[in-house]
Amino acid sequence: MDPVELFHQVAATVPAYGRFLAEHGVEPSKIVTLADFASLPMTTKENYTSRHPLPDLCRDGVIGDMIAVSSGSTGVPSFWPRSVGDERVIADRFEEVFRDSFDAGERRTLAVVCFALGTWVGGLFTVACCRHLAERGYPITVVAPGTDRREILRVLPELAPHFDQVVLLGYPPFLKNVIDTEDLPWADWNVKLVTAGEVFSEEWRALVAERAGIADPVRGIASLYGTADAGVLGNETPLSVELRRFLAGRPRTARDLFGESRLPTLVQYDPGVRFFEEHEGTLLFSGDNGVPLIRYHIADEGGVLPYRDLLSFVRERGFEPRARGPERPFVYVFGRSHFTVSYYGANVYPENIAVGLEQPEVSGAVTGRFVVEVAEDERRDRHLTVTVELMPGEKPTDEVAQAVGASIHAQLLRLNSEFAAYVPKQQQMPFIRLREAGDPEYFPPGAKHRYTR
């Protein structure tokens, strides 16, 4: 993608962006180089998309042929027009996963869409992209039970035996919960997973692969990096997964690369259709969508790594990946910064807690869902508190609480050097509260889960 060319197209055809440039005193004809482009003001939901009527955000002031809704982190709904052309571009990312990781060109594949249906951004868009793959000749059949577990249990046993493999597409904790709690012959169905929306650990990948009977976690589980604003921006490849697994076992090496003690999602993207930039440790992207976006800032923490730079980095440390992968740049994504909690000046990330719950000594008793917060007692002393959801049928016990606390504590010390250095030793052990599955206060069924308070 030539971002300068895209800029001129958007400036000339999108009414809201023309007004935005005028407000900031930008003369489009003076933007001719990449350095000029990098000087343009950033756009955000607050300063751009929420300030203009929906038609004015679209090319020639015309809303596309479909609209999706996202609530975002604020709960205020946003509307994102889409077109069939947008779907075709995004379908390329699905095609790469289905073709290169799942061998879907040679296998009859049942794609089971477990994202929420209706106006929400994930479900119907995923259905459309999978059908585009069928149109391209892939032997893919789509069924969309959404997040209705009863419907998932109805369609899977009936349909799965007729296919060579079953691909479940949904948010990581939902898919894990379905696999954990439903007594179905997962291994017989040659299950694969496509996830989106959350960072998960390599321990999570290995654990879920084992429970779903996925023999090769590298090629059996793939994550998409997407936003409601622009659809899918990048996808895991076998190469990116191999690299991430190498880094997961070497926290200091990962910190040298990413500058953080937590492990981000690592995906590859197509620079022909998306342009990424780094800004103070966060990501900007530009792309042509139903709402074309220029230097759009969505507050995702992360960065960009050129292909050769990342491969050189791991080779210098003795690692040679087996998968060659597409020679395209990488983008890494930690997620939103406000999903952390601060404890004695140390940032505690949900990713650190999650790894503790995925250790073999405790993973059988818990679902993996939790809420981390810093709570005050009656003396106003602060304590790191983690409320953990138990597997269905499990009851809270002191033994499980102690094991969970010890596992989380060990992983915090291993992965988060800031926690180890800043937090006094006598305050490092987290306080654990166990809740039964589906607890209405912390883990209400069907709601999008928030890991921090």
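Analysis parameters
- Residues numbered from 1 in each chain as written.
- Predicted model: local features only at pLDDT ≥ 70, side-chain atom pairs only at ≥ 80, totals over all residues.
- Heavy atoms only, no water.
- Helix = DSSP H or I, 4+ residues; strand = E, 2+ residues; numbered from the N terminus.
- Rg over C-alpha atoms; globule rule 2.2 N^0.38 Å.
- Buried < 20%, exposed > 50% of the residue type's maximum accessible area, 1.4 Å probe, protein only.
- Contact = heavy atoms within 4.5 Å.
- Areas by Shrake-Rupley, 256 points an atom, 1.4 Å probe, with all protein chains shown as cover.
- Salt bridge = Lys/Arg side-chain N within 4 Å of Asp/Glu carboxyl O.
- Pairing = 2+ DSSP bridges.
- Patch = residues over 30% accessible without salt bridge, like charges linked within 9 Å, V, L, I, M, F, W, Y side chains within 5 Å.
- Phe/Tyr/Trp six-rings, centres within 6.5 Å; stacked < 30°, edge-to-face > 60°.
- Lys NZ or Arg CZ within 6 Å of the ring centre and 35° of its normal.

Caption draft 1: Geometry of the overall build of the protein chain. In terms of helices and strands, the protein chain carries 15 helices and 18 strands. At 22 Å, the protein chain has a C-alpha radius of gyration in line with the 22 Å of a compact globule built from 453 residues. Overall size of the protein chain, expressed as C-alpha extent along the three principal axes, is 70 × 55 × 50 Å. The burial tally for the protein chain puts 55% of its 453 residues in the buried class. Long-range contacts, defined as pairs at least 24 residues apart, comprise 70% of the intrachain contacts of the protein chain with a sequence gap of at least 6. Only carbon and sulfur atoms are counted for the fraction: they give 51% of the accessible area of the protein chain, which is about 19,300 Å².

Caption draft 2: Here's a closer look at the pattern of salt bridges. In the structure shown here, the tally under the stated rule is 26 salt bridges. As a salt-bridge pair, Glu 202 and Arg 245 come within 3.6 Å of each other at their nearest N and O atoms. Pair noted here: Glu 202 is in helix H8 (residues 202-212) and Arg 245 is in helix H10 (residues 238-248), with a separation of 43 residues, a long-range link. Residue class for Arg 245 comes out partly exposed when judged on its relative accessible area of 32%.

Caption draft 3: Seen up close, the pairing of strand E10 (residues 275-279). Where E10 lies against strand E11 (residues 282-287), 5 bridges are found, and the strand directions are antiparallel. Pairing of His 279 across the sheet is with Thr 282, part of E11. Where E10 folds back onto E11 in an antiparallel hairpin, the turn is made up of 2 residues, including Glu 280, whose phi is positive at roughly 50°.

Caption draft 4: Broad picture of a nonpolar patch on the surface. On the surface, Ile 63, Ile 67 and Phe 79 cluster together to form a nonpolar patch covering roughly 250 Å² of accessible area. Classification of Ile 63 by relative accessible area gives partly exposed; the value is 34%.

Caption draft 5: Molecular detail of the packing of aromatic side chains. According to the stated counting rule, one finds 20 aromatic pairs in the structure shown. Note on Trp 186 and Trp 189: the rings are 5.8 Å apart at their centroids and 80° apart in plane angle, and the pair reads as edge-to-face. Owing to a relative accessible area of 5%, Trp 186 belongs among the buried residues under this scheme. In textbook terms, an aromatic cluster arises when at least three aromatic residues are bridged by ring pairs, as seen for Tyr 225, Tyr 269, Phe 276, Phe 285 and Tyr 296. One Lys or Arg, Arg 244, reaches over the ring of Phe 200 and ends 5.8 Å from the middle of that ring. The aromatic ring of Phe 313 is capped on one face by Arg 317, whose charged end is 3.7 Å from the ring centroid.

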